[in-house]
Amino acid sequence: MPRFDIVGQLGPLRRYAQSLTRNNAEAEDLVHDALVRAYERRGTFRSGGNLRAWLLSIVHNAFVDRMRSRRSEALRVEQARYLAATSTPAPQEHSVRLAQVRDAFFNLPEEQRSALHLVAIEGLSYQQAANATGVPLGTLMSRIGRARAALRQMEDAAPTCGKNHLRIVGGDS
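Rules used in this analysis
- Residues numbered from 1 in each chain as written.
- Predicted model: local features only at pLDDT ≥ 70, side-chain atom pairs only at ≥ 80, totals over all residues.
- Heavy atoms only, no water.
- Buried < 20%, exposed > 50% of the residue type's maximum accessible area, 1.4 Å probe, protein only.
- Helix = DSSP H or I, 4+ residues; strand = E, 2+ residues; numbered from the N terminus.
- Arc of directions from axis to C-beta.
- Contact = heavy atoms within 4.5 Å.
- Phe/Tyr/Trp six-rings, centres within 6.5 Å; stacked < 30°, edge-to-face > 60°.
- Core = buried A, V, L, I, M, F, W, Y, C linked by side-chain atoms within 4.5 Å.

### Focus on helix H5 (residues 110–121)
Here is step 1 of the chain: Looking only at H5, the buried set comprises Gln112, Ala115, Leu116, Leu118 and Val119. Taken down its axis, H5 places every buried residue within 160 degrees of arc, on the same side.
Here is step 2 of the chain: Buried residues along H5 sit in contact with helix H4 (92–106), helix H6 (126–133) and helix H7 (137–157).
Here is step 3 of the chain: One or two residues past the end of H5 sits Gly123, with phi positive at roughly 80 degrees.

In structure tokens, the structure reads:
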């Protein structure tokens with residue numbers, strides 16, 4: 001048998017993967033992942049060693065890694081579900097207000113929305129945002145100013161219930 005005849009080992013690898021996963025598609029994915037690992041670690045294979053046993057151990061370890069990863073993901077999802085269940089929804093007034101601000105933001109012209117997003121949400125400096133969008137600094141500042149003015153106008157026009165209204169970040173008010 002040639003030193004590294006992986007093609008001749010595909011049958012046993014597929015059968016073992018099938019017995020582990022009990023699913024044809026998952027078994028093929030598992031064999032693929034194992035072959036990638038085998039190729040990456042081919043230098044660790046001892047000349048004269050049992051290639052089939054070495055490859056089957058890689059299939060087994062890849063399967064165990066997948067199972068651990070799935071359990072870990074399931075635990076994270078369960079914890080997120082628990083946290084979501086214990087959080088309290090925002091009061092209706094604030095939820096409506098946030099929806100209005102979000103809608104106003106998304107209704108801004110694309111160039112204003114993009115400029116404001118980069119500076120106010122992503123935290124880029126004006127110069128970094130200008131470089132990212134490929135416009136001169138003055139143009140970017142003008143777009144941000146117009147976007148803030150439009151949002152401020154929406155805020156001023158909206159009915160407020162007491163003093164609990166939102167303030168536009170970076171605005172003058």
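### Digging into the packing of aromatic side chains
Here is step 1 of the chain: In the structure shown here, the tally under the stated rule is two aromatic pairs.
Here is step 2 of the chain: Where Phe45 meets Trp54, the ring centres are 5.1 Å apart and the plane angle is 50 degrees; that geometry is what we call tilted. Taken as a pair, Phe45 and Trp54 share a single burial class, namely buried.
Here is step 3 of the chain: Relative to Phe106, the ring of Phe105 lies with its centre 5.6 Å away and its plane at 65 degrees, an arrangement referred to as edge-to-face.

### Notes on the nonpolar core
Here is step 1 of the chain: Grouped together as the largest cluster of nonpolar side chains are 18 residues, with contacts concentrated most on Ala17, Leu30, Trp54, Leu55 and Val59.
Here is step 2 of the chain: Ranked by the residues each element gives to this core, the list is headed by helix H3 (residues 51–86), at seven residues.
Here is step 3 of the chain: Look past the residues within four positions of Ala17 in its chain and what remains in contact with it is Arg22, Ala27, Leu30, Val31 and Val59.

### Section: the environment of Val119
Here is step 1 of the chain: Position of Val119 among the secondary structure elements: in helix H5.
Here is step 2 of the chain: Residues within four places of Val119 in sequence aside, it is in contact with Leu124, Ser125, Tyr126, Ala129, Leu140, Ile144 and Arg148.

### A word on unusual backbone geometry
Here is step 1 of the chain: We note that Arg22 has phi near 60 degrees; this positive angle belongs to a residue other than glycine.
Here is step 2 of the chain: Arg22 gets classed as exposed once you look at its relative accessible area, which sits at 72%.

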